[in-house]
Amino acid sequence: MSARASILPVFVPHLGCPHDCVFCNQRRITGEPAPVDAKRLREILSALPADRRAEAPQLAFYGGSFTAIPEERQIELLEEARRAIDRGIVSSIRLSTRPDAVDAARLERLKDYGVDTVEIGAQSMDDEVLRLSGRGHTAEDVRRASGLVKSSGLKLVLQMMTGLPGDTEEKCLRTARELICLRPDGVRIYPTVIVRDTALFALWQRGLYREHTVEDAVRLCAKLLPLFEAAGVPVIRVGLNPTDELSGGAAVAGAYHPAFGELVRSRILLEKAELLLKNAEPGSRVVLGVRPALLSQMLGQKKQNLFALMEEFRLGDLRVEPNSSISGEIEILSIENH
Ligand code: SF4
């Protein structure tokens, strides 16, 4: 599964959700006030270029609990999507849903209509965190639903969050390890953002929830990503997709940054550089080589990684050069002691 697979998202905000989870306001997160219906979906699909099978995007129903939508309405949407597959204008379908709305019969129906991937909002594998977040399901529901998706032959993507009410770093690391054991084909990591008009916003205003800052989330995600990647589980998204609505004030506080994934990958490289430089003497002049595609991540926004390393190790000079012949992502090309 590629993070760059072309996806055409259509939104069904809160459709099928039995209630609102404390952090969630899909109308503000997606910027879509109303769920797509069959007529609107037909309009969206008919605006796509005709039969381009090789490049056809995957149609994604996001923002709600698809398999909990009343059956008739699911079928209306799936029928439109299926027709688009038959006409070669979309390649397949993916959708997101809740773990307690998954069973074998519903998965069979999805397969019949050309669904290829089911994304399950696990969010945490800690029952107390799930309870405090108003999720209305348990970690066991996530295990059961994931097993059903895997055994149905559909691809499984698991979504986890960090910084939820009652959450800790240890619980997030445990969640990541448990998700890996469920053998997903990909994961998404969404650090908690305090979104206007949510229960979490009210809790935060009353001092009953401590904000998960961008810095908290970057530090934690820089530990989570390597865990998944070492286990061969692709991380297909880190951080909420930036939207005008979120950037325009709906994200009131918490871990919202339009380039959050970049911040995390930049932090991972900073930590790798710190390990390489741990024996550098103060005043040393260092040249670090980095794979060309990673140069801007290594430097960090406004070269902050460079300045941080200079200061931390009291280096006399530090240069970072793109180098395609190094074996890893980053290595010391030369070091001259003062
Ligand atoms: S997090 Fe998922 S289940 Fe909860 S309200 Fe939002 S869309 Fe619905």
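Positions within a chain are numbered from 1, following the residues in the order the chain's sequence is written. It should be noted that, the model being predicted, local features are given only for residues of pLDDT at least 70 and side-chain atom pairs only at 80 or more, the latter also being counted only at that level, while totals for whole chains, interfaces and linings use all residues. Each side-chain value is worked out from all heavy atoms of the structure, with water and hydrogens disregarded.

Observations regarding the side chain of Ser124
- Put simply, DSSP marks the helices as runs of H or I at least four residues long and the strands as runs of E at least two long, and each gets a number from the N terminus on. Of note, Ser124 is situated in the loop between strand E4 (115-123) and helix H5 (127-132).
- In protein, a polar contact means a hydrogen-donor-capable atom and an acceptor-capable atom, both N or O and within 3.5 Å, with residues adjacent in sequence counting only if both atoms are side-chain atoms; elsewhere, any N or O pair within 3.5 Å suffices. Within the local environment of Ser124, its side chain forms a polar contact with the backbone nitrogen of Asp126, the two atoms lying 3.0 Å apart.
- In this analysis, two residues are considered to be in contact whenever any of their non-hydrogen atoms come within 4.5 Å of each other. Among all residues touching Ser124, those that are not within four sequence positions of it are Val129, Leu130, Leu164 and Thr175.

Details of the sheet that holds strand E6 (residues 186-191)
- At least two bridges found by DSSP between two strands is the condition for calling them paired. One open sheet accounts for seven strands, arranged E1-E2-E3-E4-E5-E6-E8; its pairing is parallel. The open sheet has two edge strands, strand E1 (7-11) and strand E8 (235-238), and neither has a second partner. Across the sheet, the mean angle from the axis of one strand to that of its neighbour is 20°, orientation sign disregarded.
- Bridging between strand E5 (residues 155-162) and E6 involves six bridges; their strand directions are parallel. Considered in E6, the bridge of Thr162 is made with Pro191.
- Axes here refer to lines fitted to C-alpha atoms; in helices the fit is confined to the stretch in contact. Angles between the N-to-C directions go from 0 to 180 degrees. Along the sheet, helix H7 (residues 169-181) contacts E4 and E5; its crossing angle with E5, the most-contacted strand, is approximately 175°.

What to know about unusual backbone geometry
- Positive phi is not limited to glycine here, since His14 has a value of about 65°.
- With respect to the secondary-structure elements, His14 resides in the loop between E1 and helix H1 (26-30).
- Even without a glycine there, the phi angle at Asp197 is positive, about 65°.
- Within the element layout of this structure, Asp197 appears in the loop between strand E7 (193-195) and helix H8 (199-205).

Section: the site of the ligand
- Distances are taken per atom, and a residue is near a molecule or strand as soon as one of its heavy atoms is within 4 Å of it. Surveying the vicinity of the ligand reveals the residues His14, Cys17, His19, Asp20, Cys21, Phe23, Cys24, Gln26, Gly63, Ser65, Arg98 and Arg135.
- Here a cavity denotes grid points, spaced 1 Å and computed from the protein atoms alone, that fit a 1.4 Å probe unable to get out, and a pocket denotes an open set having protein on both sides within 12 Å along at least 5 of 7 lines; residues with an atom within 4 Å of a point are the lining. Cavity and pocket membership follows a simple rule, namely that a molecule belongs there if more than half of its atoms are within 2 Å of the grid points. One can see that the ligand is located within the largest pocket.
- Gly is put with the polar residues, along with every residue not named as nonpolar or charged; the nonpolar set is Ala, Val, Leu, Ile, Met, Phe, Trp, Tyr, Cys and Pro, and the charged set is Asp, Glu, Lys and Arg. Class assignment for the residues of the shell around the ligand results in four nonpolar, five polar and three charged.

A word on the packing of aromatic side chains
- Ring geometry is summarised as follows: Phe, Tyr and Trp rings, the Trp one being its six-membered ring, pair when their centres sit within 6.5 Å, and such pairs are stacked at plane angles under 30 degrees, edge-to-face over 60 and tilted between the two. On inspection of all chains with the given rule, the structure shows two aromatic pairs.
- With a centroid separation of 4.9 Å and 35° between ring planes, the pair formed by Phe61 and Phe66 is classed as tilted.
- A 1.4 Å probe rolled over the protein chains alone gives each residue an accessible area, and that area as a share of the maximum for its type sets the label: buried under 20%, exposed over 50%, partly exposed in between. The exposure class assigned to Phe61 is buried, which follows from its relative accessible area of 0%.

Regarding the sheet that holds strand E11 (residues 317-322)
- In space, the three strands of this open sheet follow the order E11-E10-E12, with mixed pairing throughout. Single-partner strands in this sheet number two, and they are E11 and strand E12 (330-336). Recorded for the sheet is a direction-independent mean angle of 20° between the axes of neighbouring strands.
- Where strand E10 (residues 285-290) and E12 come together, six bridges link them in antiparallel fashion. Bridged to Leu288 within E12 is Ile332.

Let's talk about the environment of Leu277
- Mapped onto the fold, Leu277 is located in the loop between helix H11 (260-276) and E10.
- According to the relative accessible area criterion, Leu277 is buried, its value standing at 0%.
- Each C-alpha atom of the pair Leu277 and Ile335 lies 9.6 Å from the other, and the pair is 58 residues apart in sequence.
- Aside from chain neighbours lying at most four places away, what touches Leu277 is Val286, Leu309, Phe313, Leu315 and Ile332.

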